[in-house]
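Chain by chain, the residues run as shown.
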Amino acid sequence: MERDLIRKDDKTARAANMADYARTRADFTWEHARQQIDGLKDGKLNIAHEAVDRHVEAGHGAQTALRWISKSGDRTDFTYEDLQRLSSRFANVLVSTGIGRGDKVYALLGRVPELYIAALGTLRAGAVFCPLFSAFGPEPIRSRMEIGDASAIVTSGRLYRRKLKTLRDQLPNLRQVYLTDEEHSATKDLRSLMATASDTFATVALQPEDPALLHFTSGTTGTPKGVVHVHEAVVAHHVTGSLALDLKPQDVYWCTADPGWVTGTSYGIIAPLTNLVTMIVDEAEFDVARWYDTLAREAVNVWYTAPTAIRMLIKAGTEAKQRHEFPALRFMASVGEPLNPEAVLWGNETFGMPFHDNWWQTETGGIMIANFAALDVKPGSMGKPLPGIDAGIVEITHDGLRELTEPMAMGELALRPGWPSMMRGYLHEDARYKKCFRDGWYLSGDLAMRDADGYFWFVGRSKDLIKSAGHLIGPFEVESALMEHAAVAEVGVIGVPDEIAGEIVKAYIALKPGHEPTEDLRIDLMGHARKRLGPAVAPKEIIFRQNLPKTRSGKIMRRLLKARALGLPEGDISTLESDEA
Ligand code: ATP
Ligand code: MG
C-alpha cells in the first residue's frame, strides 16, 4: 500500500500553516483554538460575526469575499463589506416579517449570491439555517421541511412554482416564503424587501450552544438524518480550515461542493470566510473544460473537491487539460468518498501535487482525519487525526467496547467526543443519536485501520463489509485495485449471498470512453483483480454499467446496487441522482 509514498520537502512544510504535525498536536487545546476567533461580549457568539464583521472591523472590508461566476460565465465580486451590508439587510427582512431567533430558515436555491447572503443573514438574526439541495423533488423537500419544522424558506420563483407551491398546505408552520426573483401570491418579494431594508443590524449575541445549522445527511446508507450544529462549531470550522485545508488570508479558494451538503456550508461558506479568503462560487454544474479553465483563470490557490469529480476529470483524459497551467495552485483536497490511490497519483502527475484526502461526516461538522500540507501522503490513506481529535479503531464485543491498537487491525472508526462542531443531536431521533455513543466513544459507522505510523485507512461502511469464505473484505480495497486498470472509470463493489461462501464479491464497472464492455475485457479485469488481490478477495462477478447509482452529492450508492441485484426494495432514494440502472 505504501509503495507510492509522496514525500513533502522542508520548504513545503515550512510554508504550511501547520509546519509540524506532532508539535501542533501536542500543544493543541480547544481553549487555545477558541482564542483564534473573536467572540462577542460575555462569552456570546455568532458565526456571522466571525465570518464577516470582524474582518470588516479589522479593515478588510474592501477585500473580495465571494467571486460569483454565473452559468453564462459572468463574474460578480462581493467584498466582505458587501456581505456585511447585504446579510444585515436580509436579517432586517427576516425580523420585519416576523422571523427571528430560533426559527428555522431554509434555502432552496442554486449556487447564487442570495444563498450566501441568506445563510449569513439567517445566522446574524439568530435563526437556524437549513440549506436544501436545489435539485431535490417536492417529496424530499417536504419531508425535510417537516422534520426541521421550517418557519421560512428562501427560493426562486421557478423552484417555488415547480416544487413548493403545491406543498404549502402540508406545511402549516411555514410562515414566510421569500422569492428572490419573482412576485407571487402568498410569497414575499425579496428584492423589494432588500431594497428598502437598513444596512445595519445588531447581530444577535447567542450562547455558544445555541443552534445555528441544520443539515441532512447524504442518504447513502438509508433515510437521511437531520443533524443539528451550534454556533460554537465555528471554532472547529476555522481551525480545520487553517490546519487541514491550509487556508491563508487572501487565498483564492474554490470549494466545489453545493451548500445543500455539509461540505458546501462548513467549507463553502463558514471556514473560508472566517479565514479571510476569497471564495470562488460557480453556479454551473460540473464541466471538464470549465473546471480547468476556472482553476487557471481565477488563479485558485486552494481547491477542495470530491472523488467523483476527480474521477470524471481522469476519465476525460489529459488532453482535456489543454494548455492550462496552474502556477497559483498550492493545495488540493478531497472529501466525501474514499479517494482511490490512482486518483491521488493522477493529481500528482497532472497538477504537480497530490490530492489530500480527508474524512469527516455531516455528524462531525468538520474535518476529523486529514492529509496535511506538511505531511507525507500515503495514497489511499485518509491521513491522520486533526490536532484536538482522538481517533481510534474499536471493536464491540460481548463485554463492551475494546480499542484495537495493533497496526492494521480492522474495526469501527471511533472518535472521542468533545470537539466544537460535533452534532448536538439527530432531529426527532434521540434513540438513534444515543446509539452513536458507547464507552466514551462516538461510533462513526465506518470501518478503518490504522497503520504503525498513525495513518488511517478507510475500509468501507460497516454496512457494506463483505464476508466471503471466512474473509472480511472491504469494498474500497477491491474498487481501488480495479481502478488501476486503464479501462475503468468507476467501480462499486458489493457482496451478494452465496450458498457456499456466504457472500461473494460482485463489481459494477463503468468504463472510460473508447472501451467496449466485451467478454475479453471482463476476463482481463478478472485477471488483473486476481493478481492484485488474490483469488479470495477478487470479484467473482463483474457487471458493466453505463453509470453507477449515486447520491446527488456524488457518492456511489452501494446499498442500491445491492437491493437491485437481489430484487429487494430500494428504500429511501430521495438523494439519488437519476441513473441508468
Ligand atoms: P447517510 O449517513 O445518510 O447514509 P452519508 O454517510 O453518505 O449518508 P455524509 O455525512 O455526507 O452522509 O457522509 C459521511 C460519510 O462519507 C462517511 O461516514 C464516510 O462513509 C464517507 N466519507 C467521507 N469522506 C470520506 C473519505 N475521505 N474516505 C472515505 N469515506 C469518506
Ligand atoms: Mg452517514
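Residues numbered from 1 in each chain as written. Chains lettered and ligands numbered in written order. Predicted model: local features only at pLDDT ≥ 70, side-chain atom pairs only at ≥ 80, totals over all residues. Heavy atoms only, no water.

## Here we look at the pairing of strand S26 (residues 488–498)
Okay, so step 1: Across the 11 residues that make up S26, a large majority, 9, are buried.
Okay, so step 2: Relative to strand S27 (residues 502–511), S26 runs antiparallel, the two sharing 10 bridges. Within S27, the residue paired with Ile494 across the bridge is Lys506.
Okay, so step 3: Connecting S26 to the next strand, S27, in antiparallel fashion are 3 residues. (Buried < 20%, exposed > 50% of the residue type's maximum accessible area, 1.4 Å probe, protein only. Helix = DSSP H or I, 4+ residues; strand = E, 2+ residues; numbered from the N terminus. Pairing = 2+ DSSP bridges.)

## Considerations on the domain arrangement of the protein
Okay, so step 1: Here the protein is partitioned into domain 1 (10–450) and domain 2 (465–578).
Okay, so step 2: Relative to domain 2, the C-alpha centre of domain 1 lies at a distance of 30 Å.
Okay, so step 3: Opposite the 27 residues of domain 1 that make contact, domain 2 presents 25 residues.
Okay, so step 4: Carbon and sulfur atoms make up 61% of the area that domain 1 and domain 2 hide from each other, which totals about 2200 Å².
Okay, so step 5: The largest per-residue losses of area from domain 1 upon contact with domain 2 belong to Thr220, Arg311 and Lys315, which jointly make up 24% of the total buried on that side.
Okay, so step 6: Linking domain 1 with domain 2 are 2 salt bridges, by the criterion used here.
Okay, so step 7: Two residues, Glu490 and Arg311, come together in a salt bridge whose shortest N-O distance is 3.9 Å.
Okay, so step 8: In this assembly, domain 1 and domain 2 are joined by 8 residue pairs in polar contact (both at pLDDT 80 or more).
Okay, so step 9: Within the residue set of the side of domain 1 that touches domain 2, elements represented by two or more residues are helix H7 (138–148), helix H13 (307–316) and helix H14 (341–351).
Okay, so step 10: By residue number, the principal contributor to the side of domain 1 that touches domain 2 is H13, which donates 4 residues.
Okay, so step 11: Among the residues forming the side of domain 1 that touches domain 2, the class breakdown is 12 nonpolar, 10 polar and 5 charged. (Domains from an automatic or database assignment. Contact = heavy atoms within 4.5 Å. Buried area = accessible area lost by both parts, 1.4 Å probe. Salt bridge = Lys/Arg side-chain N within 4 Å of Asp/Glu carboxyl O. Polar contact = N/O pair within 3.5 Å; in protein donor to acceptor, adjacent residues only side chain to side chain. Nonpolar A, V, L, I, M, F, W, Y, C, P; charged D, E, K, R; others polar.)

## Section: the pairing of strand S5 (residues 152–155)
Okay, so step 1: Burial of the side chains of S5 extends over both faces: Ala152 and Val154 are buried on one face and Ile153 and Thr155 on the other.
Okay, so step 2: As paired elements, strand S3 (residues 104–108) and S5 share 4 bridges and run parallel to each other. Bridge pairing in S5 links Tyr106 to Ile153.
Okay, so step 3: Relative to strand S6 (residues 176–179), S5 runs parallel, the two being bridged by 4 bridges.

## Topic: H14
Okay, so step 1: Burial runs high along H14: 8 of the 11 residues are buried.
Okay, so step 2: Where H14 is concerned, the buried positions are Pro341, Ala343, Val344, Leu345, Trp346, Gly347, Thr350 and Phe351.
Okay, so step 3: Where H14 is buried, its residues contact helix H12 (288–297), strand S12 (302–305), H13, strand S13 (331–334), strand S14 (355–359) and helix H16 (475–483).

## Things to note about the sheet that holds strand S28 (residues 541–544)
Okay, so step 1: Across the sheet, which stays open at both edges, the 3 strands sit in the order S26-S27-S28 with mixed pairing between neighbours. For this open sheet the edge positions go to S26 and S28, each flanked by a neighbour on one side alone. Mean inter-strand twist for the sheet, computed between neighbouring axes without regard to direction, equals 25°.
Okay, so step 2: In this fold H16 packs onto S26 and S27, with an angle of close to 140° to the strand it touches most, S26.
Okay, so step 3: Those strands touched by helix H17 (residues 519–533) are S26, S27 and S28, and its axis lies near 135° from that of S28. (Axes fitted to C-alpha atoms, helices over the stretch in contact; angles between N-to-C directions.)

## Looking at the site of ligand 1
Okay, so step 1: Residues in close proximity to ligand 1 total 23 residues, the closest being Thr217, Thr220, Thr221, Thr362 and Arg461.
Okay, so step 2: A distance of 2.7 Å separates an oxygen atom of ligand 1 from a polar side-chain atom of Ser218.
Okay, so step 3: Gln361 places a side-chain nitrogen or oxygen 2.9 Å from an oxygen atom of ligand 1.
Okay, so step 4: Broken down by secondary-structure element, the contributors of at least two residues to the shell around ligand 1 are S14 and strand S23 (456–461).
Okay, so step 5: Take the shell around ligand 1: its biggest share by element is 3 residues, from S14. (Near = heavy atom within 4 Å.)

## Examining the sheet that holds strand S2 (residues 75–79)
Okay, so step 1: Read across the open sheet, the 9 strands follow the order S2-S1-S11-S10-S12-S13-S14-S15-S16; overall the sheet is mixed. One side of each edge strand has no neighbouring strand; the edge strands of this open sheet are S2 and strand S16 (384–385).
Okay, so step 2: Both strand S10 (residues 252–255) and S12 contribute to a ladder of 3 bridges, which runs parallel. Considered in S12, the bridge of Cys255 is made with Tyr304.
Okay, so step 3: The strands touched by helix H5 (residues 80–96) within the sheet are strand S1 (64–69) and S2, with S2 carrying the most contacts at an inclination of about 80°.
Okay, so step 4: Packed on one face of the sheet, H14 meets S12, S13 and S14 and runs near 145° to S14.

## Comments concerning the packing of aromatic side chains
To describe a pair of aromatic rings, one takes the distance between the centres and the angle between the planes.
Okay, so step 1: Counted by the stated rule, this structure contains 24 aromatic pairs.
Okay, so step 2: Judged by centre distance (6.3 Å) and plane angle (75°), the rings of Trp291 and Trp303 are edge-to-face. Of this pair, Trp291 sits in helix H12 while Trp303 sits in strand S12, placing them 12 residues apart in sequence. One exposure class covers both Trp291 and Trp303, and it is buried. (Phe/Tyr/Trp six-rings, centres within 6.5 Å; stacked < 30°, edge-to-face > 60°.)

## Digging into H13
Okay, so step 1: Burial analysis of H13 places 7 of its 10 residues in the buried class, which makes it a mostly covered element.
Okay, so step 2: If you check which residues of H13 are buried, you get Pro307, Thr308, Ala309, Ile310, Arg311, Leu313 and Ile314.

## With respect to the pattern of salt bridges
Okay, so step 1: Counted by the stated rule, this structure contains 43 salt bridges.
Okay, so step 2: Salt-bridge contacts for Asp258 lead to Arg111; the nearest nitrogen and oxygen are separated by 2.7 Å. Residue Asp258 is found in the loop between S10 and helix H11 (262–274), and its partner Arg111 is found in the loop between S3 and helix H6 (113–124); the two are separated by 147 residues along the sequence.
Okay, so step 3: The exposure class assigned to Arg111 is buried, which follows from its relative accessible area of 9%.
Okay, so step 4: One salt bridge connects Asp451 with Lys378, and the closest N-O pair in it is separated by 2.8 Å. Of the two residues, Asp451 sits in the loop between strand S22 (441–450) and S23 while Lys378 sits in the loop between strand S15 (369–370) and S16, which places them 73 residues apart along the sequence.
Okay, so step 5: Lys378 sits in the buried class, given a relative accessible area of 3%.
Okay, so step 6: Overlapping salt bridges bring together Arg67, Arg75, Asp77, Asp293, Arg297 and Glu298 as one network.

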